[in-house]
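Architecture at a glance
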Amino acid sequence: MRQGKRALGDQFAIAMHRPTCHLHLQSVRDGTMRFWPGKPNIHALGMQKYLRELSGVVWREQNNAYREGLNLQEETITECLLLQMARDLPKAGFRVRLFTREREKDTGADWVWYFLQGPCRIGFRVQAKKLYRRHDRRPGRTNQLMPGRYDGHVLKKGQTKTLIKRAGPNNPIYVFYNHDHVKNRQFFRQVSSGFKPPSFWGCSVASANFVERKKSRTLSVLHPGMRPLHELFQYGPGCGLANGLKLLDPDMETKMHDGDPDWVRLQENTTEMQSYLMAENLNGIAYFDANEVGEDFFVPR
C-alpha cells in the first residue's frame, strides 16, 4: 500500500501467509487523539468507547483497502482485530490470551470468544462475515454500486444451523465487518447511544438465531437485527455481556458457563490445544480475563 498524507491512520500490513497488523487509532474529527500500538490510554476511554474506536478502524481500513485495490478477507480482519485487542486491553487490566490453529486446512472459520469477570463466565461462538462491494456491470449501468450483501454467507450450505449446533455452552453470534462501498449505505447512518455514525458500524453483531430466521445474506434484511459491537458490552447489575445479548435478541436463550471451559486446562499444552481446535472445528479461541479490571472501565462514556 502507498504511504502518504492520509488522515485516517495507517494500513493493515498484510503478509502473504499470515497477516501482521499495525492498527493505529485516531480521532476521525480532528486527528488530535492518536493511539499508537503499545501506547494507548485505553483505560481513559472505557470499554464501549474503545470498541467504537476499534470498529472505526475496521470501517476505515476496509475503505482504504478498496481504494488501494485490495479486498480484505474475514480471517485477516478478525486476526487483526483480536491482535489489536490483545495489545491494548492489558493496559486496562485485562489478561488476554489467543490460541489459533497451526494448519490452514481441516478446521473451521469459527472462533470462540470467552469472557471472565467474577461470577460472569460467558462464551460466544463467533462467525465473521464481511460486507461485499458489488458493482452493476450491465450495459448502461456505468459500474454503479449495488445494495450490500454478505456473499460469504452461503445459505445452501446451512452455515447458520451448523454454527448454532456446534455452539455448545457458548452463545452463537455473527460479527459483520462493514463499510460504505454499497448503494444502501444509509443503513449505517443510524445513531447508536447518542454517538454519531457511521464508522462504529465497522463491526456489528447479530444473534445466529436471528440470522437463521431471516435466511438472507442481504444488508437490508439483516441490518434490523444488528447492533454495533460496543453495545454488546452493557453496564448494570449482573453480567453485562448477558444483558447485551438480551438487547441483541430478546428471544435468545443466554448461556453461561458454570465453571472453566474444557480448553482452559490445555492452555500450556500446544499439541492438545491444536487437537481440541480441530475436534471442535475452530479457527481459534480468544480468552479475556477481566477480573483485575476496575468496574468503572465498563461504565458508558
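Below is a short write-up of the structure.

What follows covers empty space enclosed by the protein. The tally for this structure, following the rule as stated, stands at two cavities of 30 Å³ or more. Here the largest cavity defines a volume of roughly 60 Å³. In this structure, the largest cavity is lined by Leu 51, Met 85, Trp 113, Phe 115, Phe 124, Leu 229, Leu 232, Phe 233 and Leu 241. Per-class residue counts for the lining of the largest cavity are nine nonpolar, no polar and no charged. Roughly 30 Å³ of internal volume is contained in the second largest cavity. Sorting the residues of the lining of the second largest cavity by element identifies β4 (110-117) and β5 (120-130) as the ones contributing at least two each. In terms of residue count, the dominant contributor to the lining of the second largest cavity is β5 (three residues). When its residues are assigned to classes, the lining of the second largest cavity shows six nonpolar, two polar and no charged.

On inspection of all chains with the given rule, the structure shows 13 aromatic pairs. Ring centres of Tyr 114 and Tyr 287 lie 5.6 Å apart, and the angle between their planes is 45 degrees; this geometry places the pair in the tilted category. Separated by 173 residues along the polypeptide, Tyr 114 in strand β4 and Tyr 287 in strand β11 (residues 282-289) bring together distant segments of the chain. Of the residues examined, Tyr 114 reaches a relative accessible area of 0% and is grouped as buried. Note on Tyr 287: relative accessible area 7%, which makes it buried. Plain terms: the ring middles of Phe 115 and Phe 233 are 5.5 Å apart, the flat faces sit at 80 degrees to each other, and that makes the pair edge-to-face. Here Phe 115 is found in strand β4, whereas its partner Phe 233 is found in the loop between β10 (227-228) and α7 (240-248), with 118 residues between them in sequence. For the pair shown, Phe 115 and Phe 233 are each scored as buried.

Time to look at the pairing of β5. Summarising burial for β5: 10 of the 11 residues are buried, a large majority. Joining the antiparallel neighbours β4 and β5 is a turn of two residues, in which Gly 118 adopts a positive phi near 60 degrees. Of the strand pairs in this sheet, β5 and strand β8 (residues 171-177) are connected by seven bridges, and their pairing is parallel. What sits directly across from Lys 129, in β8, is Phe 176.

All right, on to unusual backbone geometry then. One non-glycine residue, Lys 215, adopts positive backbone phi at about 50 degrees. Here Lys 215 lies in the loop between α5 (208-214) and α6 (219-222). Its identity is not glycine, yet Asn 281 carries a phi of approximately 55 degrees, on the positive side. Relative to the helices and strands, Asn 281 is located in the loop between α8 (270-279) and β11.

Before going further, it helps to spend a moment on the environment of Gly 152. Among the structural elements, Gly 152 can be located in the loop between β7 (144-145) and α4 (159-166). Sequence spacing of Gly 152 and Lys 130 is 22 residues, and the spatial spacing of their C-alpha atoms is 7.2 Å. Those residues in contact with Gly 152 that sit more than four places away from it in its chain are Glu 74, Lys 129, Tyr 132 and Gln 159.

This part is about the sheet that holds β8. The seven strands are arranged β3-β11-β4-β5-β8-β9-β10 in an open sheet whose pairing can be described as mixed. The open sheet has two edge strands with one neighbour each: β3 (95-100) and β10. Where strand β9 (residues 203-207) meets β10, two bridges bridge the pair, whose relative direction is antiparallel. Looking across to β10, one finds that Val 205 is bridged to Arg 227. Sheet strands in contact with helix α3 (residues 74-88) are β3, β4, β5, β8, β9 and β11, and its direction is about 150 degrees off that of β3. Most of the contacts of α8 go to β11, to which it runs at about 115 degrees, and overall it touches β3 and β11.

Now for the pairing of β11. When you tally the buried positions in β11, you get eight out of eight residues, the bulk of the element. Relative to β11, β3 is paired through six bridges, and the arrangement is antiparallel. Paired with Thr 100 across the strands is Gly 284, a residue of β11. By the bridge criterion, seven bridges tie β4 to β11 in an arrangement that is parallel. Residue Val 112 lies in a different strand from β11, and its bridge partner there is Ile 285.

Cut-off values and rules
- Residues numbered from 1 in each chain as written.
- Predicted model: local features only at pLDDT ≥ 70, side-chain atom pairs only at ≥ 80, totals over all residues.
- Heavy atoms only, no water.
- 1 Å grid on protein atoms, 1.4 Å probe; cavity = no way out; pocket = protein on both sides within 12 Å on 5 of 7 lines; lining within 4 Å.
- Points joined across faces, edges and corners; volume = space filled by probe spheres on them.
- Nonpolar A, V, L, I, M, F, W, Y, C, P; charged D, E, K, R; others polar.
- Helix = DSSP H or I, 4+ residues; strand = E, 2+ residues; numbered from the N terminus.
- Phe/Tyr/Trp six-rings, centres within 6.5 Å; stacked < 30°, edge-to-face > 60°.
- Buried < 20%, exposed > 50% of the residue type's maximum accessible area, 1.4 Å probe, protein only.
- Pairing = 2+ DSSP bridges.
- Contact = heavy atoms within 4.5 Å.
- Axes fitted to C-alpha atoms, helices over the stretch in contact; angles between N-to-C directions.

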